[in-house]
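Working through the structure, step by step
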Amino acid sequence: MTDKTKAVAVLTSGGDAPGMNAAIRSVVRMATHGGYRVIGFQRGYDGLMADDGIELEPRSVSNILQRGGTILKTARSIEFQADKGCAQAAQVLDAHGVGGLVVIGGDGSFRGAHALGRAWTGAIVGVPATIDNDISGTDETIGFDTALNTALEAIDRLRDTASAHERLFLVEVMGRHSGFIALAVGTAGGAEEILVPEVDTDLDACAARLVAAREKGKTMSIVVCAEGENQSGAFAVARELEQRTGFVPTVTVLGHIQRGGRPSARDRILATKLGAFAVTAIQRGSTDVMVGDVRGELVLSSLEKSAADKKGLDPFLLELIQVLAQ
Ligand code: ATP
């Protein structure tokens, strides 16, 4: 986009993730540095369709780098998913002279961005931000590192209690369709078992390992369970394990505390790089792409492909769990 009379628009969509604000700040400052006007649309695609935009300049994004959530608010929009929604959004963007749109969100938001590209001629670039880390095209998504560290702190605390009371603790972490948080936090927190939606859980084998560990002198165990596991969550898994082992598990559901909070340094840096690179991509005329950081390099990949491809868990870590939990 070489026309400097055009504006760059930015919105956040889907679940909030720590570091979204750092990404907004980076987009705004990079775009104004490049000579563009910037408009922030509030509440995701809902706010875009409703023309709920605000002019953003470098001072509008002061003091937000370290804050969780998103100053632009976010939403999940049913209405936008209809063709009429995309057409309405395109009209609003054109009315404001927008030439490039940065969508900060997860895979659902990228499906929406790709759909919008069929109704609007401007450049659309996605910035991957979701605590789930389930987007291919980037090694990590914005928010994952912070969520992981929040969950880890909780597990470290639970471990103290599990150890003092010689108990089995079952901890449910976020991840409806993906086990990235569970696998990472289970590894970092030394969990005995990690249950993720990507792997069919054999509860008989899991229970047998927990009993064998007790017989060998382990006095406490932690099982980390992704919320999508078994579709029915940690309480159902706890009941099954209790029946098979005779241990009465204590269940802790970490829930939404994993979403908020100050972004980690790593997330702030990732968000800053990806936000700025999204503007560069727009300037260079790229569209229908997302930005990513792959092995330390900033790359572009197709929005459609990134939303459709399933990113795999680290198979080496998956195998290691049982070795390390001996
Ligand atoms: P998270 O991974 O944190 O949940 P997300 O971006 O995947 O974030 P979703 O709720 O799945 O969150 O998607 C955000 C919004 O994107 C939806 O509310 C909807 O407005 C839009 N969207 C999702 N899929 C489509 C689609 N196929 N067509 C148009 N819009 C879509």
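Residues numbered from 1 in each chain as written. Predicted model: local features only at pLDDT ≥ 70, side-chain atom pairs only at ≥ 80, totals over all residues. Heavy atoms only, no water.

Each helix and strand in the chain was counted, giving 11 helices and 11 strands. Relative to the compact-globule value of 20 Å for 326 residues, the chain shows a C-alpha radius of gyration of 22 Å, a close match. The burial tally for the chain puts 54% of its 326 residues in the buried class. If you take every contact in the chain between residues at least 6 apart in sequence, the share linking residues at least 24 apart comes to 75%. Accessible surface, the chain as shown: approximately 14,200 Å² in total, 50% of it carbon and sulfur. Within the chain, the 40 negative side-chain charges are centred at a point lying 5 Å from the centre of the 33 positive side-chain charges. (Helix = DSSP H or I, 4+ residues; strand = E, 2+ residues; numbered from the N terminus. Rg over C-alpha atoms; globule rule 2.2 N^0.38 Å. Buried < 20%, exposed > 50% of the residue type's maximum accessible area, 1.4 Å probe, protein only. Contact = heavy atoms within 4.5 Å. Areas by Shrake-Rupley, 256 points an atom, 1.4 Å probe, with all protein chains shown as cover. Lys, Arg positive; Asp, Glu negative; His and termini not counted. Charge placed at Lys NZ, Arg CZ, Asp CG, Glu CD.)

Quick look at the sheet that holds strand E8 (residues 221–226) now. The strand order across the open sheet built from four strands is E7-E8-E6-E9, with neighbouring strands paired in parallel fashion. This sheet does not close on itself; its edge strands, each paired only once, are strand E7 (193–195) and strand E9 (250–253). Strand after strand, the sheet turns through a mean of 20° between neighbouring axes, direction not considered. Here strand E6 (residues 168–173) pairs with E8 via six bridges, running parallel. By the bridge assignment for E8, Val 171 is matched with Val 224. Its contacts with the sheet put helix H8 (residues 233–245) on E6, E7, E8 and E9, and the angle it makes with E6 is roughly 155°. (Pairing = 2+ DSSP bridges. Axes fitted to C-alpha atoms, helices over the stretch in contact; angles between N-to-C directions.)

Moving on, we get to the packing of aromatic side chains. Scanning the entire structure with this criterion turns up one aromatic pair. Taken together, a centroid distance of 3.9 Å and an interplanar angle of 0° make the contact between Tyr 45 and Phe 80 stacked. With Tyr 45 in helix H2 (residues 44–49) and Phe 80 in the loop between strand E3 (53–56) and helix H3 (83–95), the pair connects residues that are 35 residues apart, well separated along the chain. On the accessibility criterion, Tyr 45 (4% relative accessible area) is buried. Its end group placed over the ring of Phe 247, Arg 214 keeps NZ or CZ at 4.5 Å from the ring centre. Looking at Lys 311, its charged tip hangs above the ring of Phe 180, at a distance of 5.5 Å from the centre. (Phe/Tyr/Trp six-rings, centres within 6.5 Å; stacked < 30°, edge-to-face > 60°. Lys NZ or Arg CZ within 6 Å of the ring centre and 35° of its normal.)

Moving on, we get to the site of the ligand. In the region of the ligand, 16 residues are neighbours, and Arg 76, Ser 77, Asp 107, Gly 108 and Ser 109 sit closest. Within the backbone of Gly 15, one N or O atom sits 3.4 Å away from an oxygen atom of the ligand. Asp 107 places a side-chain nitrogen or oxygen 2.9 Å from an oxygen atom of the ligand. Considering every element that reaches the shell around the ligand, the biggest residue donor is helix H4 (residues 107–116), with five residues. When grouped by side-chain class, the residues that make up the shell around the ligand number two nonpolar, 10 polar and four charged. (Near = heavy atom within 4 Å. Polar contact = N/O pair within 3.5 Å; in protein donor to acceptor, adjacent residues only side chain to side chain. Nonpolar A, V, L, I, M, F, W, Y, C, P; charged D, E, K, R; others polar.)

With that settled, consider the sheet that holds strand E1 (residues 7–12). Adjacent strands of a sheet form backbone hydrogen bonds with each other and so pair up, either parallel or antiparallel. Strand order in the open sheet formed by seven strands is E3-E2-E1-E4-E5-E10-E11, with mixed pairing between adjacent strands. Looking at strand neighbours, the two that pair on one side only are E3 and strand E11 (297–302), the edges of this open sheet. Averaged over all pairs of adjacent strands, the angle between strand axes in this sheet comes to 30°, irrespective of strand direction. Pairing between strand E5 (residues 123–128) and strand E10 (residues 289–294): two bridges, direction parallel.

Here the chain is described as being made up of domain 1 (7–142 + 263–308) and domain 2 (144–259). Computed over C-alpha atoms, the centres of domain 1 and domain 2 are 34 Å apart. With 16 residues of domain 1 at the contact, the number on the domain 2 side is 12 residues. Sorting the residues of domain 1 by area buried against domain 2 places Ile 131, Asp 132 and Asn 133 first, and these three jointly supply 45% of that buried surface. Linking domain 1 to domain 2 there are one salt bridge. Residue Arg 266 pairs with Asp 145 through a salt bridge whose shortest N-O separation is 4.0 Å. Linking domain 1 with domain 2 are seven residue pairs in polar contact (both at pLDDT 80 or more). For the side of domain 1 that touches domain 2, the class distribution of residues is four nonpolar, five polar and seven charged. (Domains from an automatic or database assignment. Buried area = accessible area lost by both parts, 1.4 Å probe. Salt bridge = Lys/Arg side-chain N within 4 Å of Asp/Glu carboxyl O.)

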